[in-house]
Amino acid sequence: PTMIDAVTDELKLALKQMIVEECDKDFGPEFIRDDMPLLGGDLDLDSLDVLQICMAVKNQYDVRIEGSGDARKALKSINVLAQTIVDARR
């Protein structure tokens with residue numbers, strides 16, 4: 001797993017790419033804004049997508065996001081997800 005010490009544009013881009021790949025979306029990572037709601041917004045992610053993203057975050061960053069409450073909080077936006085990963089690794 002990659003060591004992440006700070007929220008960077010690089011981390012945010014990696015997360016966007018991961019979401020596009022994991023959720024098999026037909027838009028590119030540039031479609032996802034840093035502050036865009038990941039749930040209930042234009043991305044149209046469903047509960048399976050959320051599970052896929054949480055699994056990918058665990059595999060790539062060794063950060064567990066468990067339970068729908070935590071997932072909802074962490075997946076508020078790319079900014080929040082990146083911060084969640086960085087905080088969990090401190």
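Model, not experiment: these values are computed from the prediction.

How each quantity is defined
- Residues numbered from 1 in each chain as written.
- Predicted model: local features only at pLDDT ≥ 70, side-chain atom pairs only at ≥ 80, totals over all residues.
- Heavy atoms only, no water.
- Salt bridge = Lys/Arg side-chain N within 4 Å of Asp/Glu carboxyl O.
- Helix = DSSP H or I, 4+ residues; strand = E, 2+ residues; numbered from the N terminus.
- Buried < 20%, exposed > 50% of the residue type's maximum accessible area, 1.4 Å probe, protein only.
- Contact = heavy atoms within 4.5 Å.
- Axes fitted to C-alpha atoms, helices over the stretch in contact; angles between N-to-C directions.
- Parallel < 35°, antiparallel > 145°, perpendicular 65-115°, else oblique.
- Left-handed = near helix turned anticlockwise from the far one by under 90°.

(A) Geometry of the pattern of salt bridges. A complete count under the given rule lists six salt bridges for this structure. A salt bridge links K12 to D34, with the nearest nitrogen and oxygen atoms 3.6 Å apart. With K12 in helix 1 (residues 9–22) and D34 in the loop between helix 1 and helix 2 (47–61), this residue pair connects regions lying 22 residues apart in the sequence. Judged by its relative accessible area of 13%, K12 is buried. The salt bridge partner of K25 is D49, with a shortest N-O separation of 3.9 Å.

(B) Quick look at the environment of K76. Among the structural elements, K76 can be located in the loop between helix 3 (67–74) and helix 4 (78–89). You can call K76 exposed: its relative accessible area is 55%. Those residues in contact with K76, other than ones at most four positions away along the chain, are M36, P37 and L38.

(C) Representation of the packing of helix 1 against helix 2 within the structure. Remark: helix 1 packs on helix 2, axes separated minimally by 10 Å, with the N-to-C direction vectors making an angle of 130°. By the criterion of interaxial angle, the relationship of helix 1 to helix 2 is oblique. Two packed elements cross with a definite hand, and for helix 1 against helix 2 that hand is right-handed. Contacts from L11, A14, L15, M18, I19 and E22 of helix 1 reach helix 2 at Q52, I53, A56, V57, Q60 and Y61.

(D) Seen up close, the packing of helix 1 against helix 4. Between helix 1 and helix 4, the least distance of the axes is 10 Å, while the angle of their chain directions is 110°. One way to sum up the angle between helix 1 and helix 4 is to call them roughly perpendicular. Helix 4 is crossed by helix 1, and the crossing has right-handed handedness. Here L11, K12, L15, K16 and I19 of helix 1 come into contact with helix 4, specifically with I78, N79, L81, A82, I85 and V86.

(E) How the structure looks around unusual backbone geometry. Phi is positive for D44, close to 60°, though the residue is something other than glycine. Position of D44 among the secondary structure elements: in the loop between helix 1 and helix 2.

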